[in-house]
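Coordinate analysis (summary)
Read off the chains here:
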Amino acid sequence: MSETATAPPGPLAKILTPSRASGLRTSGTTLASSLIAVIIALGISAVMLFITGKDPVTAFTILTDTAQNTDKLLEMMRRATPLIFSATAVAIGFKMNLFNIGVEGQYLFAALMAAEAGSHISLPGPLHVAAILAVALMSGAAWAGISAYLKVRKNIHEVISTIMLNYIALSFIQWIFNSFFRDDSVEGLNIKTTIIDESGRLPDLVEGRLNSMFVIALAVVAIFWVVVYRSTFGFKLRASGYNATAASTAGISAPKMTVIALLLSGAVAGLVAMQSVLGETHAYGPSATPIQLGFAGITVALLGRNHPVGIVIAALLFGFLDSTSAQLQLADVPNSIVKVMQAIIVLTVVIVNEAAVRRTNIKTAERARAELAAGSGA
Amino acid sequence: MIFISHKLDEVLQVSNDITVMRQGTTVAETSPGNIDRSGLAELMVGSELPSPAGRTSVIKDAVRLNVENLTVIGVEGRPAVDDASLAIRSGEIVGIAGVEGNGQYELCAALLGLMPSTGTVSVDGADLTKATTRQRHDAGLAYIPFDRHREGLMLNAPLWENTLLGREDEEQFGKGPLVDAASIRAYTVDIIKRFGVLTPNETTPAFALSGGNQQKLIVGRTLTTDPRVLVAAHPTRGIDVGAQAAVWDEIRRARDNGMAVLLVSADLEELLGLSDSIAVMFDGRITATLNPDDITASELGNYMTGVHEEVAS
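Scoring rules and cut-offs
Residues numbered from 1 in each chain as written. Chains lettered and ligands numbered in written order. Predicted model: local features only at pLDDT ≥ 70, side-chain atom pairs only at ≥ 80, totals over all residues. Pairing = 2+ DSSP bridges. Helix = DSSP H or I, 4+ residues; strand = E, 2+ residues; numbered from the N terminus. Axes fitted to C-alpha atoms, helices over the stretch in contact; angles between N-to-C directions. Domains from an automatic or database assignment. Contact = placed C-beta atoms within 7 Å. Nonpolar A, V, L, I, M, F, W, Y, C, P; charged D, E, K, R; others polar. Buried ≥ 20, exposed ≤ 12 C-beta atoms within 10 Å, placed from the backbone.

**So, the sheet that holds strand E12 (residues 260-264) of chain B**
Residues and elements named next belong to chain B. In space, the six strands of this open sheet follow the order E8-E11-E12-E5-E13-E14, with mixed pairing throughout. Every other strand in the sheet has two partners, leaving strand E8 (141-144) and strand E14 (285-290) as the edge strands with one partner each. Taking the axes of each pair of neighbouring strands and ignoring which way they run, one obtains an average angle of 20° across the sheet. Sheet analysis places strand E11 (residues 229-233) next to E12, joined by five bridges and oriented parallel. Counterpart to Ala233 in the pairing with E12 is Val264.

**Focus: the domain arrangement of chain B**
Looking at chain B, the domain boundaries give domain 1 (8-45) and domain 2 (90-102 + 129-304). Centre-to-centre, using C-alpha coordinates, domain 1 of chain B lies 28 Å away from domain 2 of chain B.

**Side note on the interface of chain A and chain B**
Between chain A and chain B, the residue contacts involve 28 residues of the former and 37 residues of the latter. Elements with a minimum of two residues in the side of chain A that touches chain B: helix H10 (232-242), helix H11 (244-249) and helix H16 (335-376) of chain A. In terms of residue count, the dominant contributor to the side of chain A that touches chain B is H16 of chain A (seven residues). Looking at the side of chain A that touches chain B, its residues break down into 11 nonpolar, 13 polar and four charged.

**Some thoughts on unusual backbone geometry**
Unusually for a residue other than glycine, Asn306 of chain A sits at a positive phi of about 60°. Inspection of the secondary structure puts Asn306 of chain A in the loop between helix H14 (293-303) and helix H15 (308-330). By the C-beta count within 10 Å, which is 20 here, Asn306 of chain A ends up buried. Even without a glycine there, the phi angle at Asp226 of chain B is positive, about 50°. Residue classification places Asp226 of chain B among the exposed positions, given that 11 C-beta atoms sit within 10 Å.

**Here's the deal with the sheet that holds strand E4 (residues 79-89) of chain B**
All names here are of chain B. As summarised here, the arrangement of the four strands in space is E4-E3-E6-E7, forming an open sheet in which the pairing is antiparallel. Unpaired on one side and paired on the other, E4 and strand E7 (126-127) mark the two borders of the sheet. Sheet topology note: the strand E6 (residues 118-123)/E7 ladder contains two bridges and is antiparallel. Bridging from a neighbouring strand, Val123 pairs with Ala126 of E7. Sitting on the sheet, helix H3 (residues 104-111) touches strand E3 (63-73), E4 and E6, and the angle it makes with E4 is about 60°.

Take a look at the structure:
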């Protein structure tokens, strides 16, 4: 009961109280085990660098130098922004054991639709941006909605349908871009949709370094946290993930939750390329719009254990490693080593966390028994 | 050899010496010759053992659950429940006896709207044939599931979230779109106290509890909705005699207040002791309706295996 006594006063109390003590304990364990995992991963990477004839000391000096460079840290945040969106999109599905592998197709489709729509709209500043974001949200949701329909109505597993819809999206996007949306006045390789007007652009937080999309990403993560962990809808979502049979026995409609979860996941996926569309290129272009961020999001979500705070930290870590790759290449450390390091980090975090969770579970059960034994004398 | 069990008959049959433990300490040492079944049970519970028997009829005329011509097509394409009809009145417990796999699960699942079926189901006159599971809950149809781990609990979630399961849309547990955690936690503490759930507190994850205490939580969360009709499947399966008695008491108390109960059980003593009448299910059909006062466990066994049959009118 002591945790209730120290509950924060005011309107926040309701939001912050539930199982705070055990929650903090769990997040503490997760954070500690993740840190240990990252250190182990860096150790393995050092050995690997050494074996391939590179100097680990030079590589790590570059890492620590980068960590002290403001511009590099801003680049880390810039690179983390789309990863936060795609990892959140994946995590929404994961919360009810839905594996949305289709973030890639969803965000590219949304990017094309939003960029094209944005170039036709003329509205005052904030509204123009809001309209583009709305188109992105709806397009991402619509593409994910196909998988939701196939799962609920045709009983097709979402892993199959989202993977296949990635391929379909790529071809479909290519076709409509080339046939309808391409700005023919632009020559050469850098083909794009028509450039969006000044009013439909999102300003930089730090000129040329970091766009305000980063703030929107943090806001989306905060909303994700409240919705998933504090709302009634989020409870139903998590209940379906904890035990789908128990949830439907309790009257929580599995088809309905599947549809809503996939639509929300797709909507958030729609925001992945918005940093590029609203803040950088102001258009969609096959070579201008970043790709592969949907798949990276799966890794980041896994690394962040589908938790909002974990996702932000994991996205920043990946952003950091990406931002060091140029420097490392100058020091003759190939880019592939950076990718291998990312993969090793993910693997060690997953393994170490799994061990930590098992240990925590055993301890919880032991503590419950001990507290009962102590209490039964009274 | 050390043999650990809460099945008293087994213990009495196989042991030379018996040690009785309760809440982590040894409370008695004895041998099968010196003690009988009920004496052993009393040592285990620490008080006089309530038995399922002790029936006093509180049946009223009003039919609460009415099931007509219910048919469920099973996975193999043949009827798992074949044209079953039942009427359970206020304050009445109807037991379903049957060898497992004769349609009991499908009957319950269909009543709860978890499996498609034909025929009609109504509670207090309200037709629920086309209702969703949640609408059936809201109409007062409650369910203690067959398998608490598979259908009843979120093992990794704290007890208070397990109490919330199925009741998350109730106004008392919500604050606008958010869950009113303080309210559901206080409610869970009440259930823990009233139903004697042994747990450090309401934030303990469900997996840390013993089976009996998990079951008491499920019974608590179900009965505190004040259901009109309770479908109870193996309500005391796999739990110790103390928890068993507590569950029986709670079901009986709710029954005394007018709840109608459909009791599915493999424990014949439980069925004979609690039920006002027993319907036998064999191969998906209700093959007999029996009075528990006129029948022994072995006779019931003959009906369950299809040796006897007496088609209910």
